[in-house]
Amino acid sequence: MHRAENRISQAAHGEAMEELNELPHLKARPLKLAAVLIFIIVLVIFVLVFTHTVISQNEKNDTFCTDAANICTEYIKEYGSVKWRSLDETKYGENKARLTGLCYARQMDFDDDGSDELMLCYYDSNVYYLEVWGYSHNDFVRFYSGEANSTSDDTDGSRASFYHKGNKYYICKSEKDEPEKVTLYSLHGDGFKESSKQYDYDHENDIYYDDGEINSTDFETVRLSVLRQSKAETVVDTVTGNIDSFGDILSQAITSRTEEDLISDAYYSVVKKRLDKYGVPEIKSEDGYSYINGVAYVRLIDFNRDSNDELVIVYRKYKSKSKYDSYPGEYIYYDVPIYGIEVYDFDGSSACRLFSKETVSNGLEDENIFYLILKTEEKHTDICSNVYTVDNSYNYTTSSKIYKLSSERFETIYNSKVENDYGYKRYYIDGERVYNTYEFEESGYKVPPLSRRQRNI
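Residues numbered from 1 in each chain as written. Predicted model: local features only at pLDDT ≥ 70, side-chain atom pairs only at ≥ 80, totals over all residues. Heavy atoms only, no water.

Sorry, what's going on with the layout of surface pockets here?
In this approach a probe as big as a water molecule rolls over the atoms, and the regions it shows empty are the leftover space. Within this model, the second largest pocket holds a volume of roughly 950 Å³. Around the second largest pocket sit 42 residues that line it, and L87, Y92, R98, N126 and E408 are the ones nearest its centre. Where the lining of the second largest pocket is concerned, the elements lending two or more residues are β1 (83–86), α2 (89–92), β5 (127–136), β14 (225–228), β20 (351–357) and β25 (395–406). Here the lining of the second largest pocket is built from residues that sort into eleven nonpolar, 14 polar and 17 charged. (1 Å grid on protein atoms, 1.4 Å probe; cavity = no way out; pocket = protein on both sides within 12 Å on 5 of 7 lines; lining within 4 Å. Points joined across faces, edges and corners; volume = space filled by probe spheres on them. Helix = DSSP H or I, 4+ residues; strand = E, 2+ residues; numbered from the N terminus. Nonpolar A, V, L, I, M, F, W, Y, C, P; charged D, E, K, R; others polar.)

Would you explain empty space enclosed by the protein in this entry?
Overall, the coordinates contain one cavity of 30 Å³ or more when judged by the stated rule. In this model, the largest cavity occupies a volume close to 50 Å³. Looking at the largest cavity, the residues that line it are L130, Y144, E147, A148, N149, R159, A160, S161, I171, C172 and K173. Those elements that provide at least two residues to the lining of the largest cavity are β6 (139–147), β7 (159–165) and β8 (168–175). When its residues are assigned to classes, the lining of the largest cavity shows six nonpolar, two polar and three charged.

Would you mind going over the side chain of D88 with me for this structure?
For D88, the location among the structural elements is in the loop between β1 and α2. Given the relative accessible area of 3%, D88 is considered buried. D88 has contacts with G93, S407, E408 and R409, leaving out every residue within four places of it along the chain. (Buried < 20%, exposed > 50% of the residue type's maximum accessible area, 1.4 Å probe, protein only. Contact = heavy atoms within 4.5 Å.)

Help me understand the sheet that holds β1, please; the structure alone is not making it clear to me.
Taking strand neighbours across the sheet as the criterion, the three strands line up as β1-β2-β14 in an open arrangement whose pairing is antiparallel. At either end of the open sheet lies a strand with only one pairing partner, and these are β1 and β14. Averaged over all neighbouring strand pairs, the angle between strand axes comes to 45°, with direction disregarded. Inspection of the sheet shows strand β2 (residues 96–100) paired to β14 by three bridges, in the antiparallel sense. Counted as the bridge partner of A97 is L227 from β14. Packed on one face of the sheet, helix α3 (residues 229–244) meets β1, β2 and β14 and runs near 100° to β14. (Pairing = 2+ DSSP bridges. Axes fitted to C-alpha atoms, helices over the stretch in contact; angles between N-to-C directions.)

What exactly am I supposed to notice about unusual backbone geometry here?
Generally, phi is negative for residues other than glycine and the peptide bonds are trans, each holding for most cases. Even without glycine at this site, N138 takes up a positive phi of about 70°. N138 sits in the exposed class, given a relative accessible area of 74%. In the Ramachandran plot, D287 falls in the positive-phi region, its phi being about 55° despite a non-glycine side chain. The residue D287 is located in the loop between β15 (282–286) and β16 (289–293) in this model.

What am I meant to see in the pattern of salt bridges here?
A side chain of one charge can pair with a side chain of the opposite charge when the charged atoms of the two come close. This model, assessed by the stated rule, comprises 16 salt bridges. Between K197 and D211 there is a salt bridge whose closest N-O contact spans 3.6 Å. One end of the pair, K197, is in strand β10 (residues 191–202); the other, D211, is in the loop between β11 (207–210) and β12 (213–214), and 14 residues separate them in sequence. On the accessibility criterion, K197 (28% relative accessible area) is partly exposed. The shortest N-O distance in the salt bridge between R426 and E419 comes to 3.1 Å. (Salt bridge = Lys/Arg side-chain N within 4 Å of Asp/Glu carboxyl O.)

For this particular structure, what's the right way to read the environment of S158?
For S158, the position within the fold is in the loop between β6 and β7. Those residues in contact with S158 that sit more than four places away from it in its chain are Y128, N149, S150, R223, L224 and S225.

So what exactly am I meant to see when it comes to the side chain of N420 here?
The residue N420 is located in strand β26 (residues 409–421) in this model. Polar contacts involving the side chain of N420 include one to the main-chain carbonyl oxygen of Y394, which spans 2.8 Å. Sequence-distant contacts of N420, defined by excluding residues within four places in its chain, comprise Y394, N395, Y396 and K425. (Polar contact = N/O pair within 3.5 Å; in protein donor to acceptor, adjacent residues only side chain to side chain.)

So what exactly am I meant to see when it comes to the nonpolar core here?
General note: in soluble globular proteins, nonpolar side chains tend to be found buried as a group. Membership of the largest hydrophobic core comes to 48 residues, with the highest contact counts inside it found for F110, L118, M119, F162, I171 and F192. Per element, the largest residue contribution to this core is nine residues, and it comes from helix α1 (residues 2–79). Sequence-distant contacts of F162, that is, excluding residues within four places in its chain, are made with M108, F110, M119, L130, Y169, Y170, I171, C172, D218, F219, E220 and V222. I301, Y339, F355 and I383 belong to the second largest nonpolar core, which has 15 residues in total. (Core = buried A, V, L, I, M, F, W, Y, C linked by side-chain atoms within 4.5 Å.)

Please explain the sheet that holds β26 as it appears in this structure.
The strands that make up a sheet pair up through hydrogen bonds in the backbone, lying either parallel or antiparallel. As summarised here, the arrangement of the six strands in space is β23-β24-β25-β26-β27-β28, forming an open sheet in which the pairing is antiparallel. Edge positions in the sheet fall to β23 (373–376) and β28 (432–434), since each of these pairs with one other strand and no more. Strand-to-strand twist in this sheet, taken as the mean axis angle between neighbours without regard to direction, amounts to 25°.

Any chance you could explain helix α5 (residues 259–278) here in plain terms?
Note: α-helices contain 3.6 residues per turn, so residues at a spacing of three or four share the same orientation. If you check α5, its first and last C-alpha atoms are 29 Å apart, about what 20 residues at 1.5 Å a residue would give, namely 28 Å. Within α5, burial applies to L262, A266, Y267, V270, V271, R274 and Y278. Around the axis of α5, the buried residues are gathered within 165° of arc, so they sit on the same side. Summarising the geometry of α5, the exposed residues directed more than 90 degrees from the buried face are Y268 and D276. Positive phi appears at G279, one or two residues downstream of α5, with a value of about 100°. (Expected span 1.5 Å × (residues − 1). Arc of directions from axis to C-beta.)

Put into structure tokens, the structure is as follows:
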């Protein structure tokens, strides 16, 4: 009996001890549950904050891309898309090029606030410009606009230069007459302010110096002209990719404005100016002669067979001349009609004049005759001229020339001249005196004179 009671007592006591032992664990369960709930709440808040930050950043980036695309679109419409054109080898060296149109576009942070600004460069009327756009009170505005760096020697080319410290970029500005000094400009608020810090710059070798030491890590130069053609191709690909990253809005706008449209507008502007100045073409008669007054000739010709047409314009104007009249003993001033000629090329943003002469070919025996000669060959078309300068029936000069388009300019590839002084004639070919008349007869008339039959056509 006692043994049974003891067993019961021990069993009861053991169970009580087990319950007492389990009591601390029961007390810890609410704490663990609270900790788990707090962790879940913190995690949810973190996810929500992170998601909101990502969404806000994406919306901010989308807004920037849209605004940057709109600016780039407007500039492409005005100046053309990025392209490169070769430069004259005799002046700039072999395989050199220049960028045209909206020739650079890139996202850069100029105030280290974590938000990028839009930096762009464009080519207009033989000048490169640099601009920076960013946000001011939610408006996308222009913070900076100025000419890109260059020197007084255009063979040095133009460039945009930058300095960066960490994530912040600065504009490096130099003067044409002092390219060896660059000054930093930093973005503060809505504009760029000049820094007191200057750096030395070797523009011929593109080397920057900081207190006499070469700094090759903190400076960046973007060449816009007089750069290697292979480099120009790379820049075009890079800039095109940067602009394409702004979205479909830009692509759709660009396709609506082709380069042919830009060329047509540029050439039309030139023709309109000449029409406004010299008048519309009109056939008139005077003293038994018929002539075209105003703008007499307009034509597109691919002179160097590069698949790009140049614009040719011939117009009638007047030139002031004088002669001595022995009767009153004084000079008499009078105007004579002449026909000027101009040739224009499209440089990527506007029409650029390549060739200009005061007169086309004229007649020797009849000063009322003017005509234009073009020599067409398989690989090029050349401009030819016969110009006769008559002092009197005893003294006159005849000059024949052929002009060929080479890269960015027309070069004289043939020049012959005869000077008649009271019957004594001197002959020249390409600047050299020719004493053998037979030799001149063989080589001095590459530009044929207007025949009497042609005059009657």
